[in-house]
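Residue-level structure breakdown
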Amino acid sequence: MLARSATSARATRARGLAGTLIAALVLTGCTVLPAPEDRAAELKAAAAERAALTQVSIPATSLGGARHWLTDAQEELANVLDVATEPPSEVLALSEEAPVPSAETLQRRLNTVFAGTDFTTAALVTDTMTGEVLYSRDADAARVPASSLKILTAAAALHEMGPDHRYTTRAVLDDGTDDLVVALVAGGDALLGTGAGATSVDGRAGLGSLAQQTVDALADRLDGESDEPSDDAGAPALRIVLDDGGYSGPQLTWNDSMVSSGNISAVQPIAVHGARADSGTGTDRVDDPGAHAAAVFRAQVVHAAEEAGLDLTVASGVERDATSGLGERDGTELGAIESATVAEQVEYLLTYSDNQVAEVTARNAALASGRSGSFEGVAGLLTAAADALGVDARGITIADGSGLSAKNRISTTQLVAIMDAVQQRPWLAETVWGLPTAGLEGTLSERMAGTAAAGTVRAKTGTLDRHSSLTGTVVTVDGRQLWFSFINTGSDSEIMTEAREVQDRAATVLADCGC
C-alpha cells in the first residue's frame, strides 16, 4: 500500500464514509436538500474536495440493522472530520442536480482502459438515480462472476431470513435415557468463537459461554439427584454428541485445490471462525468444521467443570448423532448462544469474501425458503431471489453460493440490476453497505489506494484462475452515484493479475469523472 500522510489518510477515510453515507441515504429514500454553502465548503476542504456532507439525521422509520449502521457511520464521519455531532434538521443526500457523467466520454475513456488486454471484458455502468446506461460492453453475456456472485447470495439471505435474524446454537440434554448425553445442536452459525462470546461478528456466539451454561445447568441437576439414595459409585459420566442435521447432499462440489488452498471446507451448519482453528481470515481451514467445533465445546465443558469443582467425567471424543432438522433436537435445553445478525454476517462475508460463511448462509436461506439445505436448494434459492427482485433471471446458472465454481454464470446487466433492486428495499441494504471500501478495508484494502477511487468505491471482488470481477458502486467527483460491474475472462491466473489492475483503473476513471 502506498504510504500516506495523516492528513491524506484522514481525508481518504472521510471520503469513504461520506460516499458510503451518500449511498445509504439514497437507498433509504432520504429527502434531497442542499447543504449550507459555508458548511459544504468546510467539509469539501476536509475531505479533499470530495462529497460535501454535513452530519446526517436519520429517518425515524425502522430499518433494522441498517439504521444502526447509519448512526455509527454518521458518528465516525463526524469524528474523522472533527465536526460537531449535533445533527441539523436537514437530511442530506446526493443532489439530483449533480451532473451525470457523459456516456460519450466514459465510452472513450473506458475503451482505452480495456483496449489491448489478453482477456475479454464484459462491463456495465449505470446512473443509480435514472437507470441511464452510461457504458455497456457485452453486458448481457453470461459470464463466470467469481465472488461477485456473493451479492446475489447476500440479497437472497436478507430477503428470506431478514436482517435481524440470528442463528442459535444449543446444548440439549437427551431425555428418557439413563445415560447422561448432551448434544451440541448446530443452528447454522459458521462464525462461532472458541471462548466467551465476543462483540465482533466472528465469535459473537462463544462455545466457552455455551459450555459454562451447560455445566451450570448440569450442576443444578446433579445436585438435585445427589439428594436421592443411589447404589451407584463414582462421578457421573457425560457423553457429548454433535447434532449437525439439517443440510443434505454433498458437502463439497469444488476441485481439490480449492479445499487444499484453504478457500473452502466441507459445508456444514456449524463451524468455528468460518471453519478455521483461530480467528482471522488468513489462516487455513479445518477439514471437518463440525467435528472441530464439537471438540472445542467438549474441551470447554471439561474446563468449566474443573473450574466449578464439579465431579464429572466427560467421555473422550465426540460422536455425530444427527436426529433432526437444523436446530430442532428434542430434549432439555441446558444453554443457548446467539450469533450476530444475518445483516452483520452478510456484511462480514462480503467485506472479507468469506466463502465458508457464504455457503452456510446460502444453505440457511434455502432452508428458510422451504428448499433443501443443499447445492440444489441454493441454486433454486438464488434464481428465485433474482426473479423476486424483478431481475430477468434468464441465463443465470448457479452451482454454489460463494462464486467459487466456474460453472456459475451471470451477466453484468443482471448484477447491476440486483444492486439497483436492492436500493428499493431498505431491509436488503447490507447487500451494498457490506461491500468493502477501496483502499480502506477487506479485500479492497490495498487496491486503488492513493487514487480518486480510494474511499469512494465500494465493490465486491472476485478472483478465480481464469476469471476476475469487480461489482459495486462509486460516487463521482461531482457527487453522482453510479453502479458498475466488470467481469474479465482470460487463459490463466497471471493474466487475472492484470485484469484486477485494469478493473482498478476503470473504477478510478468513474470516480474521477467530472465529465
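You'll find the structure just up there.
Scope of this entry: the structure provided in the associated data block. (Residues numbered from 1 in each chain as written. Predicted model: local features only at pLDDT ≥ 70, side-chain atom pairs only at ≥ 80, totals over all residues. Heavy atoms only, no water.)

1. Focus: the overall build of the chain
The number of helices and strands found in the chain is 14 helices and 13 strands. Burial analysis of the chain (515 residues in total) assigns 56% to the buried set. Here the contacts in the chain between residues at least 6 apart in sequence split such that 71% fall between residues at least 24 apart. Carbon and sulfur atoms provide 45% of the accessible area of the chain, an area that totals close to 20,100 Å². (Helix = DSSP H or I, 4+ residues; strand = E, 2+ residues; numbered from the N terminus. Buried < 20%, exposed > 50% of the residue type's maximum accessible area, 1.4 Å probe, protein only. Contact = heavy atoms within 4.5 Å. Areas by Shrake-Rupley, 256 points an atom, 1.4 Å probe, with all protein chains shown as cover.)

2. Details of the packing of aromatic side chains
Enumeration over the complete set of coordinates arrives at 5 aromatic pairs. Aromatic side chains Trp254 and Phe375 sit 5.4 Å apart centroid to centroid with 85 degrees between the ring planes, which places their arrangement in the edge-to-face category. A residue pair is termed long-range when its members are at least 10 positions apart, and Trp254 in the loop between β6 (237-243) and α7 (256-260) and Phe375 in helix α11 (residues 375-388) qualify at 121 residues. Plain terms: the ring middles of Tyr348 and Tyr352 are 5.1 Å apart, the flat faces sit at 50 degrees to each other, and that makes the pair tilted. Taken together through their ring pairs, the aromatic side chains of Phe114, Tyr135, Phe484 and Phe486 make up a single cluster. Against the face of Phe375 rests Arg363, its NZ or CZ located 4.5 Å from the ring centre. (Phe/Tyr/Trp six-rings, centres within 6.5 Å; stacked < 30°, edge-to-face > 60°. Lys NZ or Arg CZ within 6 Å of the ring centre and 35° of its normal.)

3. Re the sheet that holds strand β13 (residues 481-489)
Read from one edge to the other, the open sheet built from 5 strands follows the order β2-β1-β13-β12-β11, with strand pairing classed as antiparallel. In this open sheet, the two strands that pair with only one neighbour each are β2 (133-137) and β11 (457-463). The mean angle between the axes of side-by-side strands here comes to 10 degrees, regardless of whether they run parallel or antiparallel. As paired strands, β11 and strand β12 (residues 467-475) are joined by 7 bridges and run antiparallel to one another. Looking across to β12, one finds that Thr461 is bridged to Leu470. (Pairing = 2+ DSSP bridges. Axes fitted to C-alpha atoms, helices over the stretch in contact; angles between N-to-C directions.)

4. Section: the pattern of salt bridges
In total, this model carries 15 salt bridges according to the counting rule given. Salt-bridge contacts for Arg480 lead to Asp127; the nearest nitrogen and oxygen are separated by 2.7 Å. Of this pair, Arg480 sits in the loop between β12 and β13 while Asp127 sits in strand β1 (residues 120-127), placing them 353 residues apart in sequence. Taken as a pair, Arg480 and Asp127 share a single burial class, namely buried. Its salt-bridge partner being Glu319, residue Arg239 comes within 3.7 Å of it at the nearest N-O pair. Taken together, the positions of Arg239 in strand β6 and Glu319 in strand β9 (residues 319-320) put the pair 80 residues apart, joining distant regions of the chain. What makes Glu319 exposed here is its relative accessible area of 52%. (Salt bridge = Lys/Arg side-chain N within 4 Å of Asp/Glu carboxyl O.)

5. Points about helix α5 (residues 150-161)
Given a rise of 1.5 Å per residue, 12 residues ought to cover 16 Å, and the 16 Å separating the end C-alpha atoms of α5 matches this to within 8%. Counted residue by residue, α5 has 10 buried out of 12 residues, so it is predominantly covered. Among all positions in α5, only Lys150, Ile151, Leu152, Thr153, Ala154, Ala155, Ala156, Ala157, Leu158 and Met161 are buried. Looking at the residues trailing α5, positive phi occurs at Gly162, about 85 degrees. (Expected span 1.5 Å × (residues − 1).)

6. Observations concerning the nonpolar core
Ranked by size, the top nonpolar core spans 51 residues in total, and within it Leu152, Val346, Leu382, Leu389, Ile398 and Ile418 carry the most contacts. In terms of residue count, α5 provides more of this core than any other element does, 8 residues in total. For Leu389, the contacting residues outside a window of four places in its chain are Ala155, Ile418, Ala421, Arg425 and Leu428. If you look at the next biggest cluster of nonpolar residues, it comprises 32 residues, including Leu184, Ala205, Leu238 and Ala294. (Core = buried A, V, L, I, M, F, W, Y, C linked by side-chain atoms within 4.5 Å.)

7. What to know about unusual backbone geometry
Notably, Ala146 is not glycine yet its phi reads approximately 50 degrees, a positive angle. Tracing the chain through its elements places Ala146 in the loop between β2 and α5. By relative accessible area, Ala146 is classed as buried at 1%. For Ser353, which is not glycine, the phi torsion reads 50 degrees and is therefore positive. Assignment of secondary structure puts Ser353 in the loop between α9 (342-351) and α10 (355-368).

8. Comments concerning a negative patch on the surface
Taken together, the side chains of Asp118, Asp465, Asp492 and Glu494 make up a negatively charged region of the molecular surface. Mapped onto the elements of the fold, Asp465 is located in the loop between β11 and β12. (Patch = residues over 30% accessible without salt bridge, like charges linked within 9 Å, V, L, I, M, F, W, Y side chains within 5 Å. Lys, Arg positive; Asp, Glu negative; His and termini not counted. Charge placed at Lys NZ, Arg CZ, Asp CG, Glu CD.)

9. Examining the pairing of strand β3 (residues 166-173)
Within β3, 6 of the 8 residues are buried, which leaves the element mostly enclosed by the surrounding structure. Two elements, β3 and strand β10 (residues 332-341), share 7 bridges in a ladder whose sense is antiparallel. Bridge assignment links Thr169 to a residue of β10, and that residue is Ile337. When β3 meets strand β4 (residues 180-185), the two strands line up antiparallel, connected through 4 bridges. Each bridged residue has a counterpart across the sheet, and for Leu173 the counterpart in β4 is Val182. In this antiparallel pair of consecutive strands, β3 and β4, the connection spans 6 residues, and Gly176 shows a positive phi of 75 degrees.

10. Observations regarding the state of the cysteines
Under the definition given, this model contains 1 disulfide. Between the sulfur atoms of Cys513 and its disulfide mate Cys515 the distance is 1.5 Å. When its relative accessible area of 1% is taken as the criterion, Cys513 is described as buried. (Disulfide = S-S within 2.5 Å.)

11. A short note on the pairing of β6
Taken across its 7 residues, β6 has 5 buried, putting it largely inside the fold. Where β4 and β6 come together, 6 bridges link them in parallel fashion. Paired with Leu180 across the bridge in β6 is Leu238.

12. Details of the packing of α5 against α10
Where α5 meets α10, the axes come as close as 9 Å, and the angle between the chain directions of the two elements is 40 degrees. Compared by their axis directions, α5 and α10 come out oblique. As α5 packs across α10, the resulting crossing turns out to be left-handed. Facing Lys150, Thr153, Ala156, Ala157, Glu160 and Met161 of α5, the residues of α10 in contact are Asn355, Ala358, Thr361, Ala362, Asn364, Ala365 and Ala368. Counted by class, the contact of α5 with α10 contains 7 nonpolar, 4 polar and 2 charged residues. (Parallel < 35°, antiparallel > 145°, perpendicular 65-115°, else oblique. Left-handed = near helix turned anticlockwise from the far one by under 90°. Nonpolar A, V, L, I, M, F, W, Y, C, P; charged D, E, K, R; others polar.)

Geometric descriptors of this kind do not, in isolation, establish any biological role.
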